[in-house]
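Listed here are the chains, written in short residue letters.
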Amino acid sequence: MGKGNGLGFGTLSIHGGQEADPSTGAVMPPIYQTSTYKQDVPGEHKGYAYSRSKNPTRTALEKSLASLEKGTHGLAFGSGLAAVDAVMKLLSPGDEIIAPNDLYGGTYRLFHSIFAKWGLVFHFTDLNDEDKVRALINDNTRMIWAETPTNPLLKLFDIRKLAAIKDEHNLTLVVDNTFATPYLQTPLELGADIVMHSVTKYLGGHSDLVLGALVLKDDDIAEKLYFIQKSSGAICGPMDCYLALRGIKTLHVRMQRHCENTEAVARFLISHPAVKKVYWPGFPGHGGHEIANKQMRGFGGMISFELKNDTVENAFTLLSSLTIFTLAESLGGVESLAGHPATMTHASIPREQRIASGLTDSLIRLSVGLEDAKDLIRDLDHALKATLE
Ligand SMILES: *Cc1c(COP(=O)(O)O)cnc(C)c1O
């Protein structure tokens, strides 16, 4: 199905970059569970020599991802963080990177605890403040790293504005598109150079794999990334590539329902007497609402909210009263999950600093799944009432 120019998103989810298997006609890409490939004479093979460099099931996934993100090159890795790691290896000691101050915790840890040691210099700032971003740019600046919407406060950054800044200074703009997925937002079309994904989340969609990806259009950067992929070897296995491909075939249908259910839950929460504040970009009062309207095609499947009675104990009462939402890390699967950033994902941040950045003691993050919205709302209502007792 080639690059699929002009085809709708649903058609691309199912067919983008895919062809029936040339040797058997199999409609689904076979799981090529092989490390190596027969050569007729040394060095002559059918494009595949060793599976660290290339594997046909991985190729099928990489083509699918490239078609959905409107890129020409897709690269799949063993996890989202392995994909971030590959991007950092494009850089050299002394190079500087500008990143948001509410970056995904794992990405922050990789930057701060691993790559800073190897001489990369990171500046964390508010990417919506153009003056602050410009003030950080100097001769050593190479990259702007953005993530939008962010976790867990669902802040949004204007990708077009960041692309304009990076064009002026010849930088590389990378966007972590995990929360939005290409169904809601396509950063390459907004001027970004590289899109990064934790495929573990919505793209896989069934909480059954860990996988990461990069998509881009620039041939030179892509060649460097392919070299890093095979040299560092942080690849994913063929079974996981197959599961990701299987998940992607329903991405459009799932995202549509995630958005609908999330809107219903957000509207329920905001009117509940036990709730103080709801973070959902669909509300006009949300700081990122206008940016969302400009660069997204919906508001996504994530919500965070604060309780009126803002204590850790109260958050725990709520979480232990839920029966359909499961208390767990991660997001983007068919099942609804609830998490408590203060004691889970953001537990390592000192309390004062955490609260100053808006992550209050009772903040709860929901990944709204695909169950019936009325059941999710009933579950939350019951648990919220317990916090008022
Ligand atoms: C989960 C996540 C990652 C890391 O991906 P893994 O697949 O867990 O390695 C990066 N960015 C965001 C926004 C995430 O949610």
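Look a little higher up for the structure.
Anyway, here's the lowdown on the structure attached to this text. Just so it is clear, the structure is predicted and the values come from calculations on it, not from any experiment.

## Side note on the sheet that holds strand β8 (residues 275–279)
Consideration 1: As summarised here, the arrangement of the 5 strands in space is β8-β9-β12-β11-β10, forming an open sheet in which the pairing is mixed. Among the strands making up the open sheet, the edge pair consists of β8 and β10 (326–327).
Consideration 2: Sheet topology note: the strand β9 (residues 302–307)/strand β12 (residues 364–367) ladder contains 4 bridges and is antiparallel. Within β12, the residue paired with I303 across the bridge is L366.

## Overview of the nonpolar core
Consideration 1: L61, L65, L211 and L251 are the most contacted members of the largest nonpolar core, which has 36 residues in total.
Consideration 2: Counting the residues that make up this core, at least three belong to each of domain 1 (9–248) and domain 2 (251–388).
Consideration 3: Core analysis: the second largest hydrophobic core is formed by 28 residues, F77, A82, V174 and M196 among them.

## Brief notes about the side chain of T360
Consideration 1: Residue position: T360 is located in the loop between α13 (351–356) and β12.
Consideration 2: On the basis of relative accessibility, which here comes to 11%, the residue T360 falls in the buried class.

## Some points on the site of the ligand
Consideration 1: The environment of the ligand is formed by 13 residues, the closest being G80, D176, S198, T200 and K201.
Consideration 2: Measuring from an oxygen atom of the ligand, one finds a backbone N or O atom of L81 at 2.9 Å.
Consideration 3: Relative to its unbound accessible area of 380 Å², the ligand is 93% covered by the protein chains.
Consideration 4: Secondary-structure elements contributing two or more residues to the shell around the ligand are α3 (80–88) and β6 (194–198).
Consideration 5: For the shell around the ligand, a count of residues per class yields 5 nonpolar, 5 polar and 3 charged.

Reading the values: the criteria
- Residues numbered from 1 in each chain as written.
- Predicted model: local features only at pLDDT ≥ 70, side-chain atom pairs only at ≥ 80, totals over all residues.
- Heavy atoms only, no water.
- Pairing = 2+ DSSP bridges.
- Helix = DSSP H or I, 4+ residues; strand = E, 2+ residues; numbered from the N terminus.
- Core = buried A, V, L, I, M, F, W, Y, C linked by side-chain atoms within 4.5 Å.
- Buried < 20%, exposed > 50% of the residue type's maximum accessible area, 1.4 Å probe, protein only.
- Domains from an automatic or database assignment.
- Near = heavy atom within 4 Å.
- Polar contact = N/O pair within 3.5 Å; in protein donor to acceptor, adjacent residues only side chain to side chain.
- Areas by Shrake-Rupley, 256 points an atom, 1.4 Å probe, with all protein chains shown as cover.
- Nonpolar A, V, L, I, M, F, W, Y, C, P; charged D, E, K, R; others polar.

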